Amino acid sequence: MWSVASSSELPARERFDWFADMVSREVVPTAISSERPAEFQAEAAVLDLGGLRMSRLAYTPLRSWRTPALIGRGDPEQYQLALVTKSAMRMIQNGNDCAVPTGDLVLWDTSRPSDAQSPSRAGVSELLVLQLPRTSVPLRPRHFDRLLARRIPGRHSMAAVLTSFMKSLLDNGERCTPAQLNHLGTVAAELAAACLAQQLDAEEQLPAEVRAQALLRQIHAFIEHNLSDPGLTPAVIAAHHNMSVRGLHQLFHGTDDSVHARIRRRRLERCRSDLARPDLRAHPVQAIAARWGFSGPAVFSRSFREAYGMSPTEFRARTVKEPCAERTPR
């Protein structure tokens, strides 16, 4: 469950000091300054994922830095991997200096001095920060020097899978049980490790199980992105990921779905969701089926009935009421 706090609950004169104290306590001991502390606003939330945490930080322009003295005072010995979700940030560490726009990632090491800034005219900036214990990232520490304070594009390959996962944690973490959050923490650590290993061209250093799970999640994301293509087949998926069709089927062995079943189930779920939307009431059933990659009406109707025990038309009639039926009788 997210632990959430906002500066709006405090008098204006206390807001900046509250945020500085909260970041030092919940994320890492840090010095923070603001050009306009009297106008400062911020929100913070922390999600406990078992072996690691994810923080959401939203704030008006500031500068934060860690000195050797602050490191000596307190060091969680973490890699912190941040997704910039609003505005931009600048990070300096280990001789590197980078600007990170919305949608991209940046990594820093809590054991080294650093300096981070948000643009003075940026409005509200927002970060999602994975706090990764060193032991959760099975890569050689000396390799990380190349990644510290380097912009990691968030829209490609494993980085895209990781950013999507982090956003889903933000949206859905509140509804998860502690056991589910522990599992999601394991997944987050594996995806982060796979993302960083890909940036370092060091995937071979990851345990075989971590590599397999990361590849499976990347394939799931590819399927999700291409559901509307009726030509989406195991051969297409395998070719895109530079593997054999046999290797693809082996990767799915032991999961809940085969490759074909995964594609079919996700298409049906997307169709079912659209059929339940009142704003799509005027769209023909078969247009919705075609939108999500079904090759013909007969195949779609049969598959839908097998999955949900009724035809698509029956499901829509039970789920979406006509406007006249929603009116209160006189």
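Summary of the structure given here.

Cut-offs and rules
Residues numbered from 1 in each chain as written. Predicted model: local features only at pLDDT ≥ 70, side-chain atom pairs only at ≥ 80, totals over all residues. Heavy atoms only, no water. Helix = DSSP H or I, 4+ residues; strand = E, 2+ residues; numbered from the N terminus. Expected span 1.5 Å × (residues − 1). Buried < 20%, exposed > 50% of the residue type's maximum accessible area, 1.4 Å probe, protein only. Arc of directions from axis to C-beta. Pairing = 2+ DSSP bridges. Axes fitted to C-alpha atoms, helices over the stretch in contact; angles between N-to-C directions. 1 Å grid on protein atoms, 1.4 Å probe; cavity = no way out; pocket = protein on both sides within 12 Å on 5 of 7 lines; lining within 4 Å. Points joined across faces, edges and corners; volume = space filled by probe spheres on them. Nonpolar A, V, L, I, M, F, W, Y, C, P; charged D, E, K, R; others polar. Disulfide = S-S within 2.5 Å. Core = buried A, V, L, I, M, F, W, Y, C linked by side-chain atoms within 4.5 Å.

1. Structural notes on helix H10 (residues 297-308)
Reasoning step 1: Taking 1.5 Å of rise per residue, 12 residues should cover 16 Å, and H10 covers 16 Å from first to last C-alpha, within 8% of that figure.
Reasoning step 2: Those residues of H10 that sit buried are Phe-300, Ser-303 and Phe-304. Along H10, the residues classed as buried sweep out an arc of 100° about the axis, all on the same side. Of the exposed residues in H10, the ones pointing more than 90 degrees away from its buried face are Ala-298 and Glu-306.
Reasoning step 3: Following H10 by one or two positions, Gly-309 has its phi on the positive side, about 75°.

2. What about the sheet that holds strand S8 (residues 96-101)?
Reasoning step 1: Overall, antiparallel pairing links the 5 strands, which are arranged S2-S5-S10-S7-S8 in an open sheet. Here the strands that pair on one side only, and so sit at the sheet edges, are strand S2 (31-33) and S8. Across the sheet, the mean angle separating the axes of adjacent strands is 15° when strand polarity is ignored.
Reasoning step 2: The sheet contact formed by strand S7 (residues 88-93) and strand S10 (residues 114-117) spans 4 bridges and is antiparallel. Counted as the bridge partner of Arg-90 is Gln-117 from S10.

3. A few points about the layout of surface pockets
Reasoning step 1: There is about 620 Å³ of room inside the largest pocket.
Reasoning step 2: Residue lining of the largest pocket: 19 residues in total, with Val-161, Arg-217, His-220, Ala-221 and Phe-222 positioned closest to the centre.
Reasoning step 3: Among the elements of the structure, helix H3 (157-172) and helix H5 (208-225) are those that each provide at least two residues to the lining of the largest pocket.
Reasoning step 4: It is H5 that provides the largest number of residues to the lining of the largest pocket, a total of 7 residues.
Reasoning step 5: Here the residues of the lining of the largest pocket sort into 6 nonpolar, 9 polar and 4 charged.

4. A word on the state of the cysteines
Reasoning step 1: Taken as a whole and judged by the stated rule, the model has 0 disulfides.
Reasoning step 2: Cys-98 forms no disulfide, and the closest cysteine sulfur to it belongs to Cys-195, at a distance of 14 Å.
Reasoning step 3: Exposure remark for Cys-195: the relative accessible area of 1% places this residue in the buried category.

5. What to know about helix H4 (residues 178-200)
Owing to its 3.6 residues per turn, the α-helix brings residues three or four apart onto one side.
Reasoning step 1: The end-to-end C-alpha distance of H4 is 33 Å, a good match for the 33 Å that 23 residues give at a rise of 1.5 Å each.
Reasoning step 2: Directly beyond the C-terminal end of H4, a positive phi value near 55° is found at Asp-201.

6. Observations concerning the nonpolar core
Reasoning step 1: With 44 residues, the main nonpolar core has Leu-81, Leu-105, Leu-130 and Leu-162 as its most contacted residues.
Reasoning step 2: Looking at this core, the elements that each hand over two or more residues are strand S3 (42-48), strand S6 (78-86), strand S9 (105-109), strand S11 (125-133), H3, H4 and H5.
Reasoning step 3: The greatest single-element share of this core, amounting to 13 residues, is contributed by H4.
Reasoning step 4: One finds Val-23, Val-28, Ala-42 and Ala-44 within the second-largest nonpolar core, a separate group that totals 27 residues.

7. Regarding empty space enclosed by the protein
Reasoning step 1: One pass over the structure, following the stated rule, counts 1 cavity of 30 Å³ or more.
Reasoning step 2: Put simply, the largest cavity is a space of about 300 Å³.
Reasoning step 3: In terms of lining residues, the largest cavity is bounded by 22 residues, among which Thr-30, Ser-64, Trp-108, Ala-116 and Leu-127 are the most central.
Reasoning step 4: When contributions to the lining of the largest cavity are tallied by element, the ones reaching two or more residues are helix H1 (12-26), strand S4 (53-59), strand S5 (63-66), S7, S10 and S11.
Reasoning step 5: Classifying every residue of the lining of the largest cavity by side-chain character gives 15 nonpolar, 6 polar and 1 charged.

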